Amino acid sequence: MCGIIGYTGASPALSMVIDSLRKLEYRGYDSAGIALTGKAGEKLIVAKRAGKLSNLESALTSDHADSLSGIGHTRWATHGGPTDENAHPHISSDGKVAVIHNGIIENYIELKAELEKRGHKFSSQTDTESVAHLLSDEFNLSKDLADAMRKVCKRLRGSFTLLAISSDSPEVIVGARRNSPLVVGLGRGENFLASDVSAFIAHTKSALELGQDQVVQVSPDVVLVTDLDGKQVSAKPFEITWDAKAAERGGYTHFMLKEIFEQPKAISETLLGRFSNDSKVICSELASLNLDIDRILILACGTAYHAGLIGKYAIEQWSKIAVDVELASEFRYRKPFLTAKTLVITISQSGETMDTLMAARHAKELGAATLSICNTMGSSIARESDAVFYSHAGPEIAVASTKALLTQIVALKVIALYLAQNNKSLSSAQIAKIIAELLALPNKVEEILETVEPLRAMTRGFKDATSVLFLGRNVGYPAALEGALKLKELAYMHAEGFAGGELKHGPIALIEEGTPVIAILPPASSAISEKMLSNIQEVRARGANVIAIADASTPLDLKHVIRIPSCDELLQSILAIVPLQVFAYEMAVARGNDVDQPRNLAKSVTVE
Ligand code: F6R
């Protein structure tokens, strides 16, 4: 969702802020803006435009060149359409204070009514503009921007990351957060405030996590963090392990393609340090919780939810612990039954998905312990969980999740195996065999990627299809759901995933002459292999154009067969998902869509 950056230091703020906004583009946005300070007392310089960053850049003039502090924003519209007026920053009536915001101010209507009574004129339809006016009223009283921010935050309901600057204190940027991300980047003689670390990793790897309801004031040499009562608090420092180069496209046409090709390395990173030489599984995060677990509940959204669905099969089969998987957005508004023996696992690439964060809090309030599988250090979900299993996928810039998903699934397999080791529900020999299978995955994914060209060519032949169906059973079923989600979000096409056994309970009515159906087949030795083969016959008999994804153990007399290496049945979805990602990617390219930033979508869904 909205990208936020603040810079104060010796470099020209304009280029620093614009550069950072470019790094934040991946979050998804529909307008962008900046505000820069001049010398003390000089007017703020503000520019904002609907559309892409290039629109904003063409609105900039040479007056913007020598400011040393500034804030920048990429907006994903919630309140008010994506217009120049609704773009951030929002400026106070006296022109002295500029504010940018991510989140939703839930009580903005009552605040607006109060402010209008006091004579403020509103020029946008946003919830954010109220904050600019409130802040300037407080600032005019106290002449202290941080103090004004603390007072304003106490009046706000909802979620927010806020940054503000004032023409009266040109080197100072003030930030605040509640249920929305804000990190501080610590440089030498310069500091950054940002919605995520990718905005500043090219400049510094030292960062501070801000806690809930904290306010931070930065100038080039000083960072001061307080709670809303003005009491100084210490923020948690951390070092960013991501490589700045990893957040660049590096010769690939799209970030998504690069991230698909990074999957072998990402899986290796997830597995690094997880197994001892004598085939013991290491999961100190789970061990630190010291739990007697009788049930696991996995909570996540979107693609991460599919990781959870896939993880359930291995956890139950290997460790004999019951697993439920639920959409975080549903769970957070229910009154579920949890006990101190329930382990809640949340899964999130960004660590900022609002529904997952709120679901984790809800689970904690109900007495469960929480373990998160997270990719982003310093993120809210990581910070608030009792323990964090970092997936180490590296920065994922394309909106559509690819390498994050595979690493989440792999992390769940490690957890499943660790629990099986503790419960002695698998023998040491069985564990050693699965470890070998896991360690072989990076090469197997590599093998798929090396032979991906025919799949890309075949996909282009389906570009005018109106609907694509995906079929699978067992771990192939959530893989089918994922294939359909990827295609929807990237190709803007109707796509649905079904469990093979459900076909005759309704979905088969959708099959027409030529309907593409992608079927994920288990190894021939599986109990469900013949069931899937029957499903293929059933849809073919009704005109479907079947594309099968299978290993070499199943002979297939079909025009379109995508072969994947053989592996343990429970791990197979990890391999089957790779061609599904490539299919969705290629379809988006063939249909002329914006692959890395599909329409209407945002990378981190930080509002409900
Ligand atoms: C789909 C996709 C989304 C995310 C979902 C959760 O490709 O990327 O469905 O998986 O928004 O995001 P995280 O993992 O950041 O919580």
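Residues numbered from 1 in each chain as written. Predicted model: local features only at pLDDT ≥ 70, side-chain atom pairs only at ≥ 80, totals over all residues. Heavy atoms only, no water.

Q: I keep staring at the environment of Thr74 and nothing clicks. Help me out?
A: Structurally, the position occupied by Thr74 is in strand β4 (residues 69–75). Looking at Thr74, the relative accessible area reads 0%, which means it is buried. Here the alpha-carbon distance between Thr74 and Lys52, two residues 22 residues apart in the chain, equals 8.9 Å. When residues no more than four places from it in sequence are discounted, the contact partners of Thr74 are Cys2, Gly3, Leu21, Leu24, Tyr29, Ser31 and Ala32. (Helix = DSSP H or I, 4+ residues; strand = E, 2+ residues; numbered from the N terminus. Buried < 20%, exposed > 50% of the residue type's maximum accessible area, 1.4 Å probe, protein only. Contact = heavy atoms within 4.5 Å.)

Q: Got a minute to help me understand the site of the ligand in this structure?
A: What surrounds the ligand is a group of 13 residues, the closest being Ser348, Gln349, Ser350, Thr353 and Glu489. Lys486 places a side-chain nitrogen or oxygen 2.9 Å from an oxygen atom of the ligand. Contact between the ligand and Glu489: an oxygen atom at 2.4 Å from a side-chain N or O atom of the residue. In isolation the ligand exposes 410 Å². Once the protein is present, 89% of that is buried. Most atoms of the ligand, that is more than half of them, are within 2 Å of grid points of the largest pocket. Counting only elements with at least two residues in the shell around the ligand, the list comes to α9 (302–319) and α16 (476–491). The element contributing the most residues to the shell around the ligand is α9, with three residues. Split by residue class, the shell around the ligand holds four nonpolar, seven polar and two charged. (Near = heavy atom within 4 Å. Polar contact = N/O pair within 3.5 Å; in protein donor to acceptor, adjacent residues only side chain to side chain. Areas by Shrake-Rupley, 256 points an atom, 1.4 Å probe, with all protein chains shown as cover. 1 Å grid on protein atoms, 1.4 Å probe; cavity = no way out; pocket = protein on both sides within 12 Å on 5 of 7 lines; lining within 4 Å. Sits in = over half its atoms within 2 Å of the grid points. Nonpolar A, V, L, I, M, F, W, Y, C, P; charged D, E, K, R; others polar.)

Q: Which parts of the structure should I look at to understand the sheet that holds strand β22 (residues 516–520)?
A: Sheet strands pair by backbone hydrogen bonding; their relative direction is either parallel or antiparallel. Within the open sheet, the five strands sit side by side as β21-β20-β22-β23-β24. Their pairing is parallel. Two strands close off the open sheet at either side, each with one partner strand: β21 (494–499) and β24 (560–563). Each neighbouring strand pair of the sheet contributes to a mean axis angle of 20 degrees, computed without reference to strand direction. (Pairing = 2+ DSSP bridges. Axes fitted to C-alpha atoms, helices over the stretch in contact; angles between N-to-C directions.)

Q: Even after reading the chapter, I still don't get the sheet that holds strand β2 (residues 31–36), so can you show me in this structure?
A: A sheet is described by the order of its strands in space; here eight strands give the open sequence β3-β2-β4-β1-β10-β9-β11-β14, paired in antiparallel fashion. Of all strands in the sheet, those with a lone pairing partner are β3 (45–50) and β14 (236–239), marking the two edges. Mean inter-strand twist for the sheet, computed between neighbouring axes without regard to direction, equals 15 degrees.

Q: Got a minute to help me understand the environment of Ala98 in this structure?
A: Mapping Ala98 onto the fold places it in strand β6 (residues 97–105). Since its relative accessible area comes to 0%, Ala98 is described here as buried. Discounting chain neighbours no more than four positions away, the residues touching Ala98 are Ala35, Leu44, Ile71, Pro89, His90, Ile91, Leu163, Ala164 and Ile165.

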